[in-house]
Amino acid sequence: MQDQRTAIFEQHRRTLEGIAYRMLGTLAEARDVVQETYLKWHEAEIETLDSPRAWLITVCSRLALNQLQSARKQREIYVGEWLPEPFLDEVVDDPAQQHAIDDSVSIALLRALEKLSPVERAVFLLHDIFELSFEEVSGVVGKNSAHCRQLALRARKRVRDNRPRFQASPEQHQQLLEGFIGAAQRLDLDGLISLLAEQVEMYSDGGGKVEALPRMLSGATDVARFFITIFNRFRDKGTTLRIQPQRFNGSLGILMFENDKLATALTIEADAGRISHIYAVRNPDKFSGLLESTEIFSIPR
């Protein structure tokens with residue numbers, strides 16, 4: 001019986017991990033939620049369940065929702081800007097599924113989800129990303145189906161308002177990223193400015209553990225000058241800098257190693273042919289998904 005329980009759980013693990021990560025934005029918290037779901041699963045009377053999948057998703061989502069409500073209080077006292085924890089990408093053969101996965105774990109989307117209430121976030125993810133019916137979602141969040149439908153509409157609008165109007169293709173994204181890093185390494189201020197949207201925003205997450213911007217930096221000139229200062233500092237200090245292209249959270253980014261130690265995971269968001277947002281994760285506590293081999297959480301089909 002225990003072997004049967006474990007086999008059923010493992011069949012749905014990736015779905016549960018996917019829900020928990022998108023709800024919480026951190027791998028450690030997501031894994032804790034999935035582990036707690038596993039323990040509750042081994043106490044459940046599974047022979048009475050019509051749908052083990054529905055039971056697991058409901059329990060996992062409720063646990064993640066409770067954790068998110070607690071995590072939001074902790075993020076209110078987080079030092080500096082908070083960014084989602086990056087992790088390495090999954091690559092699948094189906095282009096449509098690949099796009100859906102990439103879009104659903106992008107840092108831009110996860111940041112947009114931070115602007116929603118925990119219940120709005122749960123409804124949006126479970127219905128729009130994981131394709132649960134509103135009847136199923138209502139059982140998770142404790143709201144009726146009509147209310148869930150309204151929550152989804154409101155969440156969808158707020159997410160759409162925080163997404164790029166003209167999202168770059170993967171090729172355009174790569175060209176902008178490579179051009180940006182190349183100009184920074186050459187200390188080419190004008191070259192950097194030419195790649196940035198006039199009101200570009202840069203977010204840097206050090207978590208109080210390492211040096212990072214205390215708040216969002218805005219404006220093409222200020223952001224470009226910031227990077228020139230940083231790369232000048234590398235030269236002055238004789239820092240050995242290694243830049244490694246790496247896909248994470250649905251798009252190409254770079255990992256920056258300072259004296260062979262991972263120091264920054266940086267990615268960009270492009271809109272209308274220029275870089276509109278720069279995200280730099282520097283908190284070393286958020287590098288676990290980049291430094292270890294992990295399975296990426298895909299969207300069930």
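Residues numbered from 1 in each chain as written. Predicted model: local features only at pLDDT ≥ 70, side-chain atom pairs only at ≥ 80, totals over all residues. Heavy atoms only, no water.

Turning our eyes to something else, we now look at the nonpolar core. Ranked by size, the top nonpolar core spans 47 residues in total, and within it Met 23, Leu 113, Val 123, Phe 124 and Val 141 carry the most contacts. Elements that contribute at least two residues to this core include exactly helix H1 (2-24), helix H2 (27-41), helix H3 (52-75), helix H5 (107-113), helix H6 (118-129), helix H7 (134-141) and helix H8 (145-161). Excluding anything up to four places from it in sequence, Phe 124 contacts Leu 109, Leu 113, Ile 129, Ala 155, Arg 156 and Val 159. (Core = buried A, V, L, I, M, F, W, Y, C linked by side-chain atoms within 4.5 Å. Buried < 20%, exposed > 50% of the residue type's maximum accessible area, 1.4 Å probe, protein only. Helix = DSSP H or I, 4+ residues; strand = E, 2+ residues; numbered from the N terminus. Contact = heavy atoms within 4.5 Å.)

Strands sit in the order E2-E1-E6-E5-E4-E3 across an open sheet of six strands; the sheet is mixed. One side of each edge strand has no neighbouring strand; the edge strands of this open sheet are strand E2 (217-218) and strand E3 (241-248). Running over the sheet, helix H9 (residues 170-185) touches strand E1 (196-205), E3, strand E4 (251-258), strand E5 (261-271) and strand E6 (274-281) and is turned about 25° from E4. Packed onto the sheet, helix H11 (residues 220-237) meets E1, E2, E3, E4, E5 and E6 and runs at close to 50° relative to E1. (Pairing = 2+ DSSP bridges. Axes fitted to C-alpha atoms, helices over the stretch in contact; angles between N-to-C directions.)

Here the focus is the packing of aromatic side chains. If you walk through the whole model with that rule in mind, you get seven aromatic pairs. Each ring, one from Tyr 21 and one from Phe 87, has its centre 4.6 Å from the other, and the planes form 85°; the classification is edge-to-face. Here the residue Tyr 21 occupies a position in helix H1, and Phe 87 occupies one in the loop between H3 and helix H4 (95-104), the gap between them amounting to 66 residues. Like Phe 87, Tyr 21 is buried. Ring geometry for Phe 180 versus Phe 227: centroids 4.8 Å apart, planes at 80°, classification edge-to-face. Within this pair, whereas Phe 180 is found in helix H9, its partner Phe 227 is found in helix H11, the two being separated by 47 residues in sequence. In this pair, the class of Phe 180 matches that of Phe 227, namely buried. (Phe/Tyr/Trp six-rings, centres within 6.5 Å; stacked < 30°, edge-to-face > 60°.)

Take unusual backbone geometry next. Although it is not a glycine, Asn 259 adopts a positive phi angle of roughly 50°. Here Asn 259 is to be found in the loop between E4 and E5. Its identity is not glycine, yet Asp 260 carries a phi of approximately 70°, on the positive side. With respect to the secondary-structure elements, Asp 260 resides in the loop between E4 and E5.

What follows covers H3. In this model, H3 (24 residues) spans 34 Å end to end at C-alpha, consistent with the 34 Å of a helix rising 1.5 Å per residue. Every buried residue belonging to H3 is among Leu 56, Ile 57, Thr 58, Val 59, Cys 60, Ser 61, Leu 63, Ala 64, Leu 65, Leu 68, Ala 71 and Arg 75, and all of these are buried. (Expected span 1.5 Å × (residues − 1).)

Going through the model one piece at a time under the given rule, you end up with 14 salt bridges. Between Asp 161 and Lys 157 there is a salt bridge, with the nearest N and O atoms lying 2.9 Å from each other. Of this pair, Asp 161 and Lys 157 are both found in helix H8, four residues apart, which corresponds to roughly one turn of the helix. The salt bridge partner of Lys 209 is Asp 285, with a shortest N-O separation of 2.2 Å. Of the two residues, Lys 209 sits in the loop between E1 and E2 while Asp 285 sits in the loop between E6 and helix H12 (288-291), which places them 76 residues apart along the sequence. Classification of Asp 285 as partly exposed rests on a relative accessible area of 49%. Through salt bridges with shared partners, a single ionic network connects Glu 29, Arg 75, Glu 114 and Arg 121. (Salt bridge = Lys/Arg side-chain N within 4 Å of Asp/Glu carboxyl O.)

Glancing now at the environment of Ala 100. Residue position: Ala 100 is located in helix H4. Sequence spacing of Ala 100 and Gly 250 is 150 residues, and the spatial spacing of their C-alpha atoms is 9.3 Å.

Turning our eyes to something else, we now look at the side chain of His 173. Its place among the elements puts His 173 in helix H9. Looking at His 173, the relative accessible area reads 9%, which means it is buried. Residues in contact with His 173, not counting those within four places in the same chain, are Ala 168, Ser 251, Leu 252, Thr 267 and Ile 268.

Time to look at the confidence of the model for the protein. In this model, the protein carries an average pLDDT of 89, and 92% of its residues clear a pLDDT of 70 or more. Low pLDDT, under 50, characterises residues 293-298; the stretch is placed with 19 contacts to residues that sit more than four places away or in other chains. (pLDDT = per-residue confidence, 0-100.)

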